[in-house]
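The residues making up each chain are set out below.
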Amino acid sequence: MGEKFLIINAGSSSLKFSLYDMPETKEIVNGYIEKIGNDDSFYTLKYDGKKLEKKRIIMTHTDAVQIMLMELLKNNFINDITDIKGIGHRVLHGGEFYSESVLIDKDVLDNIKALIKLGPLHHPGEIAGIESMQNVMPNVPQVAVFDTAFHQTMPKESYMYAVPYEWYTENGVRKYGFHGTSHKYITETMKKQLGKENVNLIICHIGSGASMCCVKNGKCYNTTMGLTPLDGLVMGTRCGTIDSSIIEYICKERNLSIEEVNTILNKKSGLLGIAGKNDFRDLEQLANSGDERAKLAIKMLQNSITKFIAQYYVELEGNVDAIVFTAGIGENSISLRANIVNAISNALDIKLNKEANSNIARFKENQNGLISTNDSKIKVFVVPTNEEYMILKDTYEISQKIKNNEFVKTLKKGN
Ligand code: AMP
(Lines give C-alpha, C1' and ligand atoms only; values in the text may rest on other atoms or scores of the structure.)
Protein backbone atom coordinates (compact mmCIF):
# COMPACT_ATOMS: atom_id res chain seq x y z
CA MET A 1 0.00 0.00 0.00
CA GLY A 2 1.19 3.57 -0.76
CA GLU A 3 2.41 5.95 1.91
CA LYS A 4 0.76 9.27 2.76
CA PHE A 5 2.67 12.55 2.60
CA LEU A 6 1.45 15.93 3.75
CA ILE A 7 2.45 19.27 2.19
CA ILE A 8 1.99 22.37 4.33
CA ASN A 9 2.10 26.01 3.27
CA ALA A 10 1.55 28.12 6.38
CA GLY A 11 0.98 31.87 6.10
CA SER A 12 0.68 34.44 8.86
CA SER A 13 -3.06 33.73 9.26
CA SER A 14 -3.61 30.73 7.01
CA LEU A 15 -2.63 27.13 6.52
CA LYS A 16 -2.87 25.31 3.20
CA PHE A 17 -2.39 21.58 3.11
CA SER A 18 -2.52 18.70 0.64
CA LEU A 19 -2.37 14.98 1.33
CA TYR A 20 -0.77 12.72 -1.27
CA ASP A 21 -0.43 9.02 -1.87
CA MET A 22 3.16 8.21 -2.73
CA PRO A 23 4.91 7.05 -4.83
CA GLU A 24 1.83 7.45 -7.08
CA THR A 25 1.88 11.26 -6.54
CA LYS A 26 -1.89 11.17 -6.27
CA GLU A 27 -3.55 14.02 -4.40
CA ILE A 28 -6.19 12.70 -2.01
CA VAL A 29 -7.46 15.97 -0.51
CA ASN A 30 -6.41 19.56 -0.12
CA GLY A 31 -7.55 22.17 2.35
CA TYR A 32 -7.22 25.86 3.09
CA ILE A 33 -7.70 27.19 6.61
CA GLU A 34 -8.12 30.98 6.57
CA LYS A 35 -8.27 33.89 9.00
CA ILE A 36 -6.53 32.03 11.82
CA GLY A 37 -6.68 34.22 14.93
CA ASN A 38 -9.96 35.89 13.90
CA ASP A 39 -13.45 35.04 15.04
CA ASP A 40 -14.62 34.63 11.42
CA SER A 41 -12.08 31.93 10.53
CA PHE A 42 -13.16 29.15 8.20
CA TYR A 43 -11.77 26.35 6.08
CA THR A 44 -12.39 24.62 2.79
CA LEU A 45 -11.72 21.04 1.82
CA LYS A 46 -11.52 19.79 -1.76
CA TYR A 47 -11.61 16.13 -2.72
CA ASP A 48 -13.23 13.91 -5.38
CA GLY A 49 -14.40 17.02 -7.25
CA LYS A 50 -16.26 18.23 -4.14
CA LYS A 51 -15.68 21.49 -2.26
CA LEU A 52 -16.82 21.84 1.35
CA GLU A 53 -16.64 25.04 3.37
CA LYS A 54 -16.89 25.06 7.17
CA LYS A 55 -16.93 27.88 9.69
CA ARG A 56 -15.02 27.36 12.93
CA ILE A 57 -13.20 29.69 15.31
CA ILE A 58 -9.52 28.79 14.90
CA MET A 59 -7.30 30.96 17.08
CA THR A 60 -3.82 29.46 16.55
CA HIS A 61 -1.82 27.39 14.05
CA THR A 62 -1.86 24.57 16.62
CA ASP A 63 -5.69 24.62 16.48
CA ALA A 64 -5.49 24.67 12.67
CA VAL A 65 -3.29 21.56 12.69
CA GLN A 66 -5.75 19.80 15.01
CA ILE A 67 -8.67 20.65 12.69
CA MET A 68 -6.73 19.42 9.67
CA LEU A 69 -5.89 16.08 11.34
CA MET A 70 -9.45 15.71 12.63
CA GLU A 71 -10.81 16.15 9.08
CA LEU A 72 -8.25 13.72 7.62
CA LEU A 73 -9.30 11.08 10.18
CA LYS A 74 -13.04 11.78 10.11
CA ASN A 75 -13.23 11.46 6.32
CA ASN A 76 -11.01 8.34 6.31
CA PHE A 77 -8.28 9.99 4.22
CA ILE A 78 -6.03 8.41 6.86
CA ASN A 79 -6.86 5.60 9.30
CA ASP A 80 -4.40 6.83 11.89
CA ILE A 81 -1.96 9.74 12.03
CA THR A 82 0.87 7.21 11.82
CA ASP A 83 -0.19 6.69 8.16
CA ILE A 84 1.54 10.00 7.42
CA LYS A 85 5.16 9.21 6.60
CA GLY A 86 6.54 12.63 5.80
CA ILE A 87 5.65 16.32 5.92
CA GLY A 88 6.97 18.99 3.56
CA HIS A 89 6.88 22.65 4.57
CA ARG A 90 7.19 25.55 2.19
CA VAL A 91 9.59 28.06 3.77
CA LEU A 92 10.19 31.49 2.26
CA HIS A 93 13.76 32.21 3.27
CA GLY A 94 16.76 29.93 3.64
CA GLY A 95 19.22 32.84 3.67
CA GLU A 96 22.73 31.62 2.85
CA PHE A 97 22.24 28.52 4.98
CA TYR A 98 20.44 26.35 2.45
CA SER A 99 20.94 25.63 -1.22
CA GLU A 100 18.61 22.63 -1.12
CA SER A 101 15.74 21.17 0.87
CA VAL A 102 16.63 19.82 4.33
CA LEU A 103 15.29 17.61 7.09
CA ILE A 104 14.10 19.91 9.88
CA ASP A 105 15.97 19.38 13.15
CA LYS A 106 16.70 21.80 16.00
CA ASP A 107 19.54 23.55 14.09
CA VAL A 108 17.38 24.02 11.01
CA LEU A 109 14.49 25.39 13.04
CA ASP A 110 16.88 27.77 14.85
CA ASN A 111 18.19 28.99 11.48
CA ILE A 112 14.65 29.53 10.17
CA LYS A 113 13.94 31.52 13.35
CA ALA A 114 17.12 33.55 12.85
CA LEU A 115 15.84 34.46 9.38
CA ILE A 116 12.59 36.03 10.68
CA LYS A 117 14.15 39.46 10.09
CA LEU A 118 14.46 38.66 6.37
CA GLY A 119 10.99 37.12 6.12
CA PRO A 120 8.98 38.98 8.77
CA LEU A 121 5.64 38.48 7.02
CA HIS A 122 6.05 34.77 6.28
CA HIS A 123 8.39 33.14 8.80
CA PRO A 124 6.32 33.46 12.01
CA GLY A 125 3.40 31.55 10.41
CA GLU A 126 5.73 28.99 8.84
CA ILE A 127 7.50 28.40 12.16
CA ALA A 128 4.14 28.02 13.91
CA GLY A 129 3.14 25.45 11.25
CA ILE A 130 6.36 23.45 11.73
CA GLU A 131 6.24 23.53 15.54
CA SER A 132 2.57 22.56 15.64
CA MET A 133 3.26 19.54 13.41
CA GLN A 134 6.33 18.60 15.48
CA ASN A 135 4.24 18.62 18.66
CA VAL A 136 1.67 16.23 17.22
CA MET A 137 4.01 14.06 15.15
CA PRO A 138 7.50 14.29 16.67
CA ASN A 139 8.81 11.18 14.91
CA VAL A 140 7.71 11.90 11.35
CA PRO A 141 10.38 13.42 9.05
CA GLN A 142 9.58 17.05 8.32
CA VAL A 143 11.34 18.73 5.42
CA ALA A 144 11.85 22.45 4.73
CA VAL A 145 11.73 23.48 1.05
CA PHE A 146 13.06 27.01 0.67
CA ASP A 147 11.94 29.52 -1.95
CA THR A 148 15.48 30.94 -2.03
CA ALA A 149 17.44 27.67 -2.30
CA PHE A 150 17.65 27.37 -6.11
CA HIS A 151 19.21 30.85 -6.34
CA GLN A 152 22.15 30.06 -4.06
CA THR A 153 24.33 29.21 -7.09
CA MET A 154 24.40 32.85 -8.26
CA PRO A 155 27.92 34.27 -8.56
CA LYS A 156 28.81 37.07 -6.19
CA GLU A 157 28.68 39.72 -8.92
CA SER A 158 25.02 38.76 -9.49
CA TYR A 159 23.94 38.83 -5.86
CA MET A 160 25.87 41.75 -4.33
CA TYR A 161 24.45 45.25 -4.09
CA ALA A 162 26.88 48.15 -4.44
CA VAL A 163 26.45 49.28 -0.83
CA PRO A 164 29.03 49.21 2.01
CA TYR A 165 30.44 45.67 2.14
CA GLU A 166 29.71 45.40 5.89
CA TRP A 167 25.98 45.60 5.09
CA TYR A 168 26.49 42.20 3.47
CA THR A 169 28.86 40.61 6.01
CA GLU A 170 27.20 42.02 9.13
CA ASN A 171 23.55 42.44 8.11
CA GLY A 172 23.03 39.94 5.30
CA VAL A 173 22.14 42.55 2.66
CA ARG A 174 22.36 40.76 -0.73
CA LYS A 175 20.09 39.45 -3.45
CA TYR A 176 18.56 36.11 -2.39
CA GLY A 177 15.84 35.68 -5.01
CA PHE A 178 12.46 33.95 -4.55
CA HIS A 179 10.09 31.64 -6.51
CA GLY A 180 13.10 29.29 -6.50
CA THR A 181 10.92 26.18 -6.23
CA SER A 182 9.07 27.22 -9.40
CA HIS A 183 12.24 28.16 -11.29
CA LYS A 184 13.76 24.81 -10.28
CA TYR A 185 10.69 22.92 -11.45
CA ILE A 186 10.80 24.66 -14.83
CA THR A 187 14.56 24.01 -15.13
CA GLU A 188 14.11 20.29 -14.38
CA THR A 189 11.20 20.08 -16.84
CA MET A 190 13.20 21.82 -19.58
CA LYS A 191 16.22 19.56 -19.00
CA LYS A 192 13.98 16.58 -19.77
CA GLN A 193 12.24 18.32 -22.65
CA LEU A 194 15.44 19.50 -24.33
CA GLY A 195 17.32 16.28 -23.49
CA LYS A 196 20.32 17.98 -21.91
CA GLU A 197 21.56 18.85 -18.42
CA ASN A 198 23.46 22.07 -19.14
CA VAL A 199 20.46 24.12 -20.21
CA ASN A 200 20.62 27.89 -20.64
CA LEU A 201 17.19 29.38 -19.95
CA ILE A 202 15.42 32.64 -19.37
CA ILE A 203 12.41 31.79 -17.17
CA CYS A 204 9.58 34.31 -16.79
CA HIS A 205 7.41 33.40 -13.76
CA ILE A 206 4.64 35.95 -14.25
CA GLY A 207 1.88 35.64 -11.66
CA SER A 208 0.56 38.16 -9.16
CA GLY A 209 4.10 37.94 -7.79
CA ALA A 210 6.55 37.88 -10.69
CA SER A 211 10.22 37.08 -11.12
CA MET A 212 12.63 35.96 -13.79
CA CYS A 213 15.57 33.61 -13.62
CA CYS A 214 18.65 33.36 -15.80
CA VAL A 215 19.69 29.69 -15.80
CA LYS A 216 23.25 29.03 -17.01
CA ASN A 217 24.45 25.43 -17.40
CA GLY A 218 21.38 24.20 -15.52
CA LYS A 219 21.91 26.46 -12.49
CA CYS A 220 20.63 29.84 -11.39
CA TYR A 221 23.01 32.56 -12.57
CA ASN A 222 20.81 35.59 -11.89
CA THR A 223 17.29 36.46 -10.81
CA THR A 224 15.16 39.57 -10.48
CA MET A 225 13.89 39.49 -6.88
CA GLY A 226 16.36 40.68 -4.27
CA LEU A 227 16.75 40.86 -0.50
CA THR A 228 12.96 40.60 -0.46
CA PRO A 229 10.37 39.78 -3.16
CA LEU A 230 9.84 43.53 -3.77
CA ASP A 231 12.63 43.93 -6.33
CA GLY A 232 12.72 43.34 -10.08
CA LEU A 233 9.62 43.16 -12.27
CA VAL A 234 6.48 45.27 -12.02
CA MET A 235 4.02 42.97 -10.18
CA GLY A 236 0.35 42.85 -9.21
CA THR A 237 0.79 45.06 -6.14
CA ARG A 238 4.60 45.40 -5.83
CA CYS A 239 6.57 48.18 -7.48
CA GLY A 240 9.60 46.14 -8.61
CA THR A 241 12.88 48.01 -9.07
CA ILE A 242 12.66 51.71 -8.26
CA ASP A 243 15.10 54.47 -7.34
CA SER A 244 15.58 53.90 -3.60
CA SER A 245 15.69 57.68 -2.98
CA ILE A 246 11.95 57.71 -3.63
CA ILE A 247 11.42 56.29 -0.14
CA GLU A 248 12.93 59.19 1.82
CA TYR A 249 11.47 61.72 -0.61
CA ILE A 250 7.90 60.44 -0.38
CA CYS A 251 8.09 59.96 3.43
CA LYS A 252 8.76 63.71 3.70
CA GLU A 253 6.38 64.80 0.92
CA ARG A 254 3.38 62.84 2.17
CA ASN A 255 4.29 62.69 5.86
CA LEU A 256 4.44 58.90 5.92
CA SER A 257 6.59 56.55 8.00
CA ILE A 258 9.08 54.18 6.36
CA GLU A 259 6.84 51.27 7.40
CA GLU A 260 3.83 52.87 5.72
CA VAL A 261 5.78 53.49 2.51
CA ASN A 262 7.10 49.94 2.58
CA THR A 263 3.54 48.60 2.89
CA ILE A 264 2.42 50.80 -0.02
CA LEU A 265 5.33 49.61 -2.19
CA ASN A 266 4.38 45.98 -1.43
CA LYS A 267 0.59 46.10 -1.40
CA LYS A 268 -0.64 49.18 -3.26
CA SER A 269 1.86 49.63 -6.08
CA GLY A 270 2.60 47.73 -9.31
CA LEU A 271 -0.37 47.19 -11.63
CA LEU A 272 -2.74 48.16 -8.82
CA GLY A 273 -0.93 51.43 -8.17
CA ILE A 274 -0.94 52.46 -11.82
CA ALA A 275 -4.34 51.20 -12.98
CA GLY A 276 -6.39 50.48 -9.86
CA LYS A 277 -6.60 46.73 -10.63
CA ASN A 278 -4.14 43.97 -9.94
CA ASP A 279 -5.98 41.01 -11.47
CA PHE A 280 -4.54 40.72 -14.98
CA ARG A 281 -7.84 39.56 -16.48
CA ASP A 282 -9.55 42.74 -15.24
CA LEU A 283 -6.68 44.82 -16.57
CA GLU A 284 -6.82 43.23 -20.03
CA GLN A 285 -10.55 43.89 -20.16
CA LEU A 286 -10.08 47.51 -19.15
CA ALA A 287 -7.27 47.98 -21.66
CA ASN A 288 -9.43 46.49 -24.43
CA SER A 289 -12.15 48.99 -23.59
CA GLY A 290 -9.65 51.84 -24.05
CA ASP A 291 -8.60 52.56 -20.44
CA GLU A 292 -5.26 54.43 -20.77
CA ARG A 293 -3.99 53.58 -17.26
CA ALA A 294 -4.63 49.87 -17.81
CA LYS A 295 -2.74 50.04 -21.12
CA LEU A 296 0.12 51.86 -19.40
CA ALA A 297 0.30 49.33 -16.53
CA ILE A 298 0.42 46.40 -18.96
CA LYS A 299 3.09 48.12 -21.06
CA MET A 300 5.17 48.80 -17.94
CA LEU A 301 4.97 45.14 -16.90
CA GLN A 302 5.91 44.01 -20.41
CA ASN A 303 8.82 46.46 -20.59
CA SER A 304 10.18 45.29 -17.25
CA ILE A 305 10.17 41.72 -18.60
CA THR A 306 11.84 42.57 -21.94
CA LYS A 307 14.50 44.58 -20.09
CA PHE A 308 15.55 41.51 -18.11
CA ILE A 309 15.31 39.22 -21.15
CA ALA A 310 17.85 41.53 -22.83
CA GLN A 311 20.13 41.50 -19.78
CA TYR A 312 19.98 37.73 -19.40
CA TYR A 313 20.48 37.17 -23.15
CA VAL A 314 23.78 39.05 -22.84
CA GLU A 315 24.71 37.24 -19.60
CA LEU A 316 24.17 33.95 -21.48
CA GLU A 317 26.31 35.32 -24.36
CA GLY A 318 23.43 34.72 -26.74
CA ASN A 319 23.43 30.95 -26.05
CA VAL A 320 19.81 30.64 -24.94
CA ASP A 321 18.12 27.23 -25.31
CA ALA A 322 14.70 28.58 -24.43
CA ILE A 323 12.66 31.41 -23.02
CA VAL A 324 9.90 29.97 -20.82
CA PHE A 325 6.67 31.59 -19.64
CA THR A 326 4.97 30.24 -16.52
CA ALA A 327 2.57 31.09 -13.59
CA GLY A 328 -0.94 32.60 -13.81
CA ILE A 329 -0.29 35.38 -16.33
CA GLY A 330 2.61 33.70 -18.16
CA GLU A 331 0.60 30.51 -18.71
CA ASN A 332 -2.67 32.19 -19.64
CA SER A 333 -2.25 35.61 -21.23
CA ILE A 334 -2.00 35.17 -24.99
CA SER A 335 -1.54 38.90 -25.56
CA LEU A 336 1.18 39.41 -22.96
CA ARG A 337 3.30 36.62 -24.47
CA ALA A 338 2.66 37.88 -28.00
CA ASN A 339 3.59 41.46 -27.09
CA ILE A 340 6.80 40.38 -25.37
CA VAL A 341 7.94 38.02 -28.12
CA ASN A 342 7.12 40.62 -30.78
CA ALA A 343 9.04 43.29 -28.85
CA ILE A 344 12.23 41.20 -28.83
CA SER A 345 11.67 39.52 -32.19
CA ASN A 346 13.92 41.73 -34.34
CA ALA A 347 16.70 42.13 -31.81
CA LEU A 348 16.98 38.42 -30.94
CA ASP A 349 15.69 36.83 -34.18
CA ILE A 350 12.81 35.12 -32.38
CA LYS A 351 9.57 34.29 -34.16
CA LEU A 352 6.20 33.63 -32.54
CA ASN A 353 3.96 30.83 -33.79
CA LYS A 354 0.73 32.80 -33.40
CA GLU A 355 -1.54 29.81 -33.63
CA ALA A 356 0.37 27.79 -31.03
CA ASN A 357 0.47 30.85 -28.75
CA SER A 358 -3.30 31.29 -29.01
CA ASN A 359 -4.13 27.62 -28.53
CA ILE A 360 -1.63 26.63 -25.89
CA ALA A 361 -3.86 27.22 -22.87
CA ARG A 362 -6.66 25.10 -24.28
CA PHE A 363 -4.45 22.13 -25.14
CA LYS A 364 -1.81 22.48 -22.43
CA GLU A 365 -1.63 18.83 -21.57
CA ASN A 366 -1.43 17.67 -25.21
CA GLN A 367 1.42 19.92 -26.29
CA ASN A 368 5.07 20.34 -25.47
CA GLY A 369 4.41 24.03 -24.87
CA LEU A 370 6.38 25.35 -27.86
CA ILE A 371 5.04 28.70 -29.12
CA SER A 372 7.89 29.75 -31.43
CA THR A 373 8.23 28.82 -35.12
CA ASN A 374 10.69 26.18 -36.33
CA ASP A 375 13.00 28.86 -37.77
CA SER A 376 13.03 30.97 -34.60
CA LYS A 377 16.62 31.36 -33.33
CA ILE A 378 15.49 30.82 -29.74
CA LYS A 379 12.69 28.48 -28.73
CA VAL A 380 9.88 29.93 -26.63
CA PHE A 381 7.78 27.68 -24.37
CA VAL A 382 4.79 27.87 -22.06
CA VAL A 383 5.22 25.42 -19.17
CA PRO A 384 2.76 25.23 -16.25
CA THR A 385 4.65 25.47 -12.98
CA ASN A 386 4.13 23.03 -10.11
CA GLU A 387 5.76 24.15 -6.89
CA GLU A 388 3.78 21.69 -4.80
CA TYR A 389 5.15 18.76 -6.80
CA MET A 390 8.71 19.93 -6.05
CA ILE A 391 7.98 20.14 -2.30
CA LEU A 392 6.43 16.67 -2.41
CA LYS A 393 9.32 15.22 -4.42
CA ASP A 394 12.02 16.59 -2.08
CA THR A 395 10.07 15.50 1.02
CA TYR A 396 9.57 12.01 -0.38
CA GLU A 397 13.20 11.64 -1.44
CA ILE A 398 14.55 12.76 1.94
CA SER A 399 12.18 10.47 3.85
CA GLN A 400 13.11 7.53 1.62
CA LYS A 401 16.79 8.19 2.38
CA ILE A 402 16.03 8.21 6.11
CA LYS A 403 14.09 4.97 5.75
CA ASN A 404 16.99 3.37 3.90
CA ASN A 405 19.62 4.83 6.28
CA GLU A 406 21.21 6.79 3.45
CA PHE A 407 20.53 10.19 4.92
CA VAL A 408 23.45 12.62 5.15
CA LYS A 409 22.70 15.99 6.74
CA THR A 410 23.58 18.84 4.41
CA LEU A 411 24.15 22.31 5.72
CA LYS A 412 25.75 25.07 3.74
CA LYS A 413 27.07 27.83 5.97
CA GLY A 414 27.31 31.33 4.56
CA ASN A 415 30.66 33.02 4.14
P1 AMP B 1 -0.64 33.36 -9.85
O2 AMP B 1 -0.10 34.31 -8.82
O3 AMP B 1 0.44 32.56 -10.53
O4 AMP B 1 -1.77 32.52 -9.35
O5 AMP B 1 -1.28 34.28 -11.01
C6 AMP B 1 -2.35 35.13 -10.76
C7 AMP B 1 -2.50 36.08 -11.93
O8 AMP B 1 -2.77 35.34 -13.12
C9 AMP B 1 -3.65 37.07 -11.75
O10 AMP B 1 -3.22 38.38 -12.12
C11 AMP B 1 -4.68 36.58 -12.76
O12 AMP B 1 -5.46 37.61 -13.25
C13 AMP B 1 -3.78 36.01 -13.85
N14 AMP B 1 -4.55 35.10 -14.72
C15 AMP B 1 -5.16 33.94 -14.38
N16 AMP B 1 -5.84 33.44 -15.47
C17 AMP B 1 -5.64 34.32 -16.48
C18 AMP B 1 -6.08 34.38 -17.85
N19 AMP B 1 -6.85 33.43 -18.37
N20 AMP B 1 -5.67 35.42 -18.60
C21 AMP B 1 -4.90 36.40 -18.09
N22 AMP B 1 -4.44 36.40 -16.81
C23 AMP B 1 -4.81 35.38 -16.02
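Described below are features of the structure shown in this document. (Residues numbered from 1 in each chain as written. Predicted model: local features only at pLDDT ≥ 70, side-chain atom pairs only at ≥ 80, totals over all residues. Heavy atoms only, no water.)

## Remarks on the sheet that holds strand S10 (residues 210-216)
Spatially, five strands are ordered S11-S10-S9-S12-S13 in an open sheet, and the strand pairing comes out mixed. Of all strands in the sheet, those bounded by a partner on one side alone are strand S11 (219-223) and strand S13 (379-382). Each strand of the sheet is rotated relative to its neighbour by a mean of 25 degrees, with strand direction disregarded. Bridge count for strand S9 (residues 201-206) against strand S12 (residues 322-326) is five bridges, and the pairing is parallel. Of the residues in S12, the one forming a bridge with His205 is Thr326. Packing of helix H6 (residues 180-194) onto the sheet brings it into contact with S9, S10, S12 and S13, and relative to S9 it is tilted by some 135 degrees. (Pairing = 2+ DSSP bridges. Helix = DSSP H or I, 4+ residues; strand = E, 2+ residues; numbered from the N terminus. Axes fitted to C-alpha atoms, helices over the stretch in contact; angles between N-to-C directions. Contact = heavy atoms within 4.5 Å.)

## Let's talk about the site of the ligand
With respect to spatial proximity, the complete set of residues near the ligand consists of Gly207, Ser208, Asn278, Asp279, Phe280, Arg281, Glu284, Ala327, Gly328, Ile329, Asn332 and Ser333. At 2.6 Å from an oxygen atom of the ligand is found a side-chain nitrogen or oxygen belonging to Asp279. Arg281 has a polar backbone atom sitting 3.4 Å from an oxygen atom of the ligand. Compared with its free state, where it exposes 500 Å², the ligand has 70% of that area covered by protein. For the shell around the ligand, the elements supplying multiple residues, two or more each, are helix H10 (280-288) and helix H12 (327-332). When residues of the shell around the ligand are assigned to their parent elements, the largest contribution, four residues, is made by H12. Counted by class, the shell around the ligand contains three nonpolar, six polar and three charged residues. (Near = heavy atom within 4 Å. Polar contact = N/O pair within 3.5 Å; in protein donor to acceptor, adjacent residues only side chain to side chain. Areas by Shrake-Rupley, 256 points an atom, 1.4 Å probe, with all protein chains shown as cover. Nonpolar A, V, L, I, M, F, W, Y, C, P; charged D, E, K, R; others polar.)

## Focus on helix H7 (residues 245-254)
Counting buried residues in H7 gives one out of 10 residues, a small share hidden from the surface. Where H7 ends, the next residue or the one after it, Asn255, has phi of about 55 degrees, a positive value. (Buried < 20%, exposed > 50% of the residue type's maximum accessible area, 1.4 Å probe, protein only.)

## Describing the side chain of Arg174
With respect to the helices, strands and loops of the structure, Arg174 is situated in the loop between helix H5 (165-171) and H6. Polar side-chain contacts of Arg174 include one of 2.7 Å to the side chain of Glu96. Residues within four places of Arg174 in sequence aside, it is in contact with Glu96, Gln152, Met154, Tyr159, Tyr161, Tyr168, Gly226 and Leu227.

## Some details on the nonpolar core
Ile202, Met212, Ile305, Ile309 and Ile323 are the most contacted members of the largest nonpolar core, which has 45 residues in total. Listed by contribution, the elements that provide at least two residues to this core are S9, S10, helix H9 (270-275), H10, helix H11 (292-315), S12, helix H13 (334-348) and S13. For this core, the leading source of residues is H11, giving nine residues. Dropping the residues within four chain positions of it, Ile202 is found in contact with Met212, Cys213, Ile309, Tyr312, Tyr313, Leu316, Val320, Ala322, Ile323 and Val324. Of all hydrophobic cores here, the second largest spans 27 residues; its members include Val65, Ile67, Ile78 and Met133. (Core = buried A, V, L, I, M, F, W, Y, C linked by side-chain atoms within 4.5 Å.)

## Side note on the sheet that holds strand S3 (residues 26-34)
As summarised here, the arrangement of the eight strands in space is S5-S4-S3-S2-S1-S6-S8-S7, forming an open sheet in which the pairing is mixed. Both outer strands of the open sheet, strand S5 (50-55) and strand S7 (102-103), are each paired with one neighbouring strand and no more. Judged from the five bridges that link them, S3 and strand S4 (residues 42-47) form a sheet pairing that is antiparallel. Pairing of Gly31 across the sheet is with Leu45, part of S4. Its contacts with the sheet put helix H3 (residues 123-136) on strand S1 (3-10), strand S6 (84-91) and strand S8 (142-146), and the angle it makes with S6 is roughly 170 degrees.

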